[in-house]
Amino acid sequence: MKTLSIRPLPGCFGGLRPFLLPIVILAIGLTLTAGFWLFAREQARQHREDELSLLACKVAGLIDERLRDNVPLLHGMPALLARLSLTQDRLRPVQADLARPGLLAAFDGGQWSIAVTAAPTFEYTRHGHIATWGGLGGLTLSLLLALIFAIQTQAQRRLASAMGALERTNQQLAEQERQLIWAQRTAQLGSWTFDPSTKQASWSEAMFPIWGLNPEDGVPSYEEHRCHIHPDDWSTFDQLVSRAAERGEPYQLRLRIRRPDGEERRMITICTPHLNAQGQVVRLSGTVQDITEREQEEVERCHLQAMLARTERLAHVGSWELEVETGRVSWSEELFRIFQMDPAEGAPSFTEHHRLLYPEDFARLKKAMDAVINEGSPYALELRARCRDGSTRECFTRGYPEIRWSHKVTHVYGTFEDITERKEAERALRLAASVFAHSFEAIIITDAENRIVETNPAFSNITGYARASVLGKNPSILASGHHNEAFYRAMWDAIRHQGSWRGEVWNRRQDGQLYAELLSIAAVRDADNAIQNYIGVFSDISELKAHEGELDRLANYDALTELPNRRLLSDRLEQALAGTRRSDRLIAVCYLDLDNFKPINDEYGHEMGDEVLISIADRLRTLIRAQDTVARLGGDEFVLLFSDLVQAQDSHLLLERVLAVATAPILLHGVTHRVSASIGVVLSPPDVESADSLLRHADQAMYCAKQAGGNRYHFHDGE
């Protein structure tokens with residue numbers, strides 16, 4: 001069994017689908033109209049045929065009767081037939097059907113067969129009109145019905161299309177509203193309207209979180225706004241709203257609000273008045289945007305810019321940018337300061353940089369700039385800048401390419417650093433390093449904990465220690481033990497309180513040899529006045545000390561006996577006198593002259609006499625105490641200084657021992673020599689005038705002892 005399937009109309013006929021129902025209705029109407037018209041026509045034809053048959057019978061009877069009554073009537077038959085006959089055009093469709101045999105008549109020698117045909121024009125026309133108007137009515141009704149259904153279908157289609165478009169529009173509007181709400185929330189932007197006549201306002205959804213209010217509480221009234229707007233901003237806000245409502249003046253205002261939780265936020269509000277045809281304000285609308293974070297970011301940005309400017313100023317580094325296409329150059333403020341230019345003049349173009357640099361330096365810069373633009377190669381150059389005051393500044397510049405979407409260098413940016421002071425410092429450091437390396441004086445640098453951090457070659461030459469072997473160690477590795485703790489304590493006290501110390505120190509080389517050094521130590525402090533380093537500079541003065549010792553020996557000691565001479569004795573006498581003034585102790589100055597010495601010189605010669613003097617000097621040196629002094633004034637005269645005597649009687653024992661060693665025999669070269677001593681003694685106090693007076697008084701007492709026969713001591717009696 002085959003099934004009938006209805007397939008959709010292909011191609012362009014798919015557009016006729018809405019008109020299928022009207023077409024079907026029109027086809028049915030046309031079919032009914034055609035059937036009704038055919039039925040009416042058949043009825044009209046049948047009715048006409050009946051009428052014609054009846055009429056033909058009546059005419060035939062009438063003719064027959066007339067012929068019978070009046071044969072001459074036949075002579076007028078053609079005319080009658082002519083009058084009774086319908087036109088051929090009108091009767092042709094029905095002549096065959098309606099022809100009837102009539103009378104046979106002979107006229108003028110001929111026989112006639114008369115057929116009467118009648119055309120009932122009125123009835124035929126009336127029935128034809130009925131059929132026609134019926135068909136036209138059905139056709140019209142069908143057309144009207146088809147048109148109505150077509151219009152209804154098209155209207156439904158358009159209505160459905162309009163409803164779909166409306167639904168899509170509503171969806172788009174809803175999506176746009178969601179996007180608007182999202183955008184407002186993201187931008188912290190809310191919208192509002194205000195009716196000046198009723199003082200009523202309406203807010204968008206985004207307004208409530210901006211003000212920190214609950215939407216369920218509704219929009220606050222105009223007066224309630226006063227509770228949220230900062231008191232210092234309310235007056236200005238109220239005035240602007242009044243002018244906008246009364247005069248139609250728009251405004252833009254920054255204001256502060258206080259949320260219910262106490263948080264202060266910064267807003268910017270914009271108002272637009274709406275006027276009617278008469279120019280009267282009917283409504284105010286606008287936006288409110290929370291710009292708290294933006295202002296904070298702006299403050300931070302300004303702060304960062306200020307910090308950058310300060311950093312550039314402190315570092316003497318300026319920044320610049322070149323727009324390759326236009327050649328426009330931008331400078332930072334520090335770059336204007338480096339070149340001593342006014343920022344109001346604007347940054348010079350790159351071609352004008354030849355006025356700011358030396359010709360050879362500008363040529364190098366131009367070559368480097370061409371390379372960075374054409375090849376994207378960054379550069380770093382040291383240049384000399386010519387300032388407006390005629391001075392020259394040494395600068396270091398860097399340039400970097402910026403490549404954007406065109407894959408070409410669109411911008412070149414970089415820095416320009418004033419390195420004049422740094423170059424001078426580098427030269428000074430190089431000079432200092434040269435001095436450090438080539439100095440004949442040893443230099444040692446320690447940190448704040450007195451650990452060695454650097455030495456120069458002279459240090460190794462003097463001490464014998466290699467640089468690497470002493471790094472991180474304490475300089476005490478050089479200590480010789482020659483100085484006590486009090487010495488070093490005084491030295492470090494001077495360094496900490498006075499900042500430096502200078503003196504002579506005995507240290508020990510790596511091989512154990514003692515050496516004398518003239519040492520200077522200085523403390524290096526940082527900006528906070530905290531000690532950062534110690535710098536010690538010293539030189540080996542061993543030879544100098546040896547030479548100095550020789551000179552000191554020649555100046556202060558007797559060349560023959562190596563006893564202190566008159567100069568050193570005077571110095572020690574002064575020190576002893578100063579000691580008596582500070583204490584209640586005594587000193588005794590003893591002037592000694594040898595008895596019977598001249599005969600030895602005369603008999604054995606001066607060389608033998610010198611040996612006798614040396615023997616006497618050695619005996620006296622072993623006799624005296626550590627705090628005492630024995631000196632030779634010349635010839636056979638000696639002076640003994642006894643210090644720290646508690647009483648005068650303490651000197652008697654010492655003097656007796658001196659006399660004893662002086663009279664002891666002296667054996668030289670197999671010959672025994674005998675001498676004695678005459679000693680003059682003066683005590684201080686009471687005699688405390690001066691060293692010279694003490695020696696003079698002791699000399700006088702010595703002569704008294706010699707006059708008394710020698711080999712004795714005599715105290716000065718002050719007379």
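Residues numbered from 1 in each chain as written. Predicted model: local features only at pLDDT ≥ 70, side-chain atom pairs only at ≥ 80, totals over all residues. Heavy atoms only, no water.

### Section: the packing of helix α17 (residues 606-623) against helix α18 (residues 650-663)
Remark: α17 packs on α18, axes separated minimally by 10 Å, with the N-to-C direction vectors making an angle of 150°. In terms of orientation, α17 and α18 fall into the roughly antiparallel class. For the element pair α17 and α18, the recorded crossing hand is right-handed. Here α17 contributes Ile616, Arg619, Leu620 and Leu623 to the contact with α18, which in turn contributes Arg657, Val658, Val661 and Ala662. For the contact of α17 with α18, the residue count by class is six nonpolar, no polar and two charged. (Axes fitted to C-alpha atoms, helices over the stretch in contact; angles between N-to-C directions. Helix = DSSP H or I, 4+ residues; strand = E, 2+ residues; numbered from the N terminus. Parallel < 35°, antiparallel > 145°, perpendicular 65-115°, else oblique. Left-handed = near helix turned anticlockwise from the far one by under 90°. Contact = heavy atoms within 4.5 Å. Nonpolar A, V, L, I, M, F, W, Y, C, P; charged D, E, K, R; others polar.)

### So, the packing of aromatic side chains
Each aromatic ring pair is characterised by the separation of its centres together with the angle its planes make. Evaluation of the coordinates by the stated rule reveals 16 aromatic pairs. Relative to Phe237, the ring of Tyr222 lies with its centre 6.3 Å away and its plane at 20°, an arrangement referred to as stacked. With Tyr222 in the loop between α5 (207-211) and α6 (231-247) and Phe237 in helix α6, this pair connects stretches of sequence that are 15 residues apart. Judged by centre distance (5.9 Å) and plane angle (90°), the rings of Phe487 and Trp501 are edge-to-face. Taken as a pair, Phe487 in helix α13 (residues 485-498) and Trp501 in strand β15 (residues 500-508) lie far apart in primary sequence, 14 residues in all. An aromatic cluster of three or more residues is present, and its members are Phe194, Tyr222, Trp234 and Phe237. Here Arg386 stacks its cationic end above the ring of Tyr358, 5.4 Å away from the centre of that ring. (Phe/Tyr/Trp six-rings, centres within 6.5 Å; stacked < 30°, edge-to-face > 60°. Lys NZ or Arg CZ within 6 Å of the ring centre and 35° of its normal.)

### Here's the deal with the layout of surface pockets
Considering only enclosed or pocket space, the second largest pocket measures out at about 360 Å³ in volume. Looking at the second largest pocket, it is lined by 20 residues, and the ones nearest its centre are Pro475, Ser476, Met491, Leu519 and Ile521. The dominant element in the lining of the second largest pocket, judged by the number of residues it contributes, is strand β17 (residues 531-540), at four residues. (1 Å grid on protein atoms, 1.4 Å probe; cavity = no way out; pocket = protein on both sides within 12 Å on 5 of 7 lines; lining within 4 Å. Points joined across faces, edges and corners; volume = space filled by probe spheres on them.)

### A look at empty space enclosed by the protein
In the structure shown here, the tally under the stated rule is four cavities of 30 Å³ or more. Its volume calculated, the largest cavity comes out at about 210 Å³. Lining the largest cavity we find 16 residues, and of these Trp192, His225, Phe237, Val241 and Tyr251 sit closest to its centre. Contributions of two or more residues to the lining of the largest cavity are made by β3 (189-195), β4 (200-203), α5, α6, β5 (251-258) and β7 (281-290).

### Regarding the sheet that holds strand β19 (residues 629-634)
Reading across the sheet, the five strands line up as β19-β20-β18-β23-β24 and stay open at both edges, with mixed pairing between neighbours. Two strands close off the open sheet at either side, each with one partner strand: β19 and β24 (712-715). Within this sheet the neighbouring strands show an average axis-to-axis angle of 20°, counted without direction. Bridge count for strand β18 (residues 586-595) against strand β20 (residues 637-645) is seven bridges, and the pairing is antiparallel. Paired with Val589 across the bridge in β20 is Leu641. (Pairing = 2+ DSSP bridges.)

### As for the sheet that holds strand β10 (residues 379-386)
Spatial ordering of the open sheet is given by β9-β8-β12-β11-β10, a layout of five strands whose pairing is antiparallel. Bordering the open sheet on either side are β9 (329-331) and β10, each of which pairs with just one other strand. The mean angle between the axes of side-by-side strands here comes to 25°, regardless of whether they run parallel or antiparallel. Examined bridge by bridge, strand β8 (residues 317-323) and β9 share three bridges and lie antiparallel to one another. Bridge assignment links Trp320 to a residue of β9, and that residue is Trp331. On the sheet, helix α9 (residues 359-375) packs against β8, β10, β11 (392-403) and β12 (409-418) and is oriented at approximately 150° with respect to β10. The strands touched by helix α10 (residues 420-438) within the sheet are β10, β11 and β12, with β11 carrying the most contacts at an inclination of about 120°.

### Re α13
Owing to its 3.6 residues per turn, the α-helix aligns residues three or four sequence positions apart on the same side. Here α13 spans 19 Å end to end across 14 residues, near enough to the 20 Å set by a 1.5 Å rise per residue. Along α13, the residues that are buried comprise Met491, Ala494 and Ile495. The buried residues of α13 occupy an angular sector of 100° when the element is viewed end-on, so they sit on one face. Away from its buried face, by an angle of more than 90 degrees, α13 presents the exposed residues Glu485 and His497. Residues of α13 that are buried make contact with β15, β16 (514-525) and β17. With a side-chain oxygen lying 3.3 Å from the backbone nitrogen of Ala486, the N-terminal cap of α13 falls on Asn484. (Expected span 1.5 Å × (residues − 1). Buried < 20%, exposed > 50% of the residue type's maximum accessible area, 1.4 Å probe, protein only. Arc of directions from axis to C-beta. Polar contact = N/O pair within 3.5 Å; in protein donor to acceptor, adjacent residues only side chain to side chain.)

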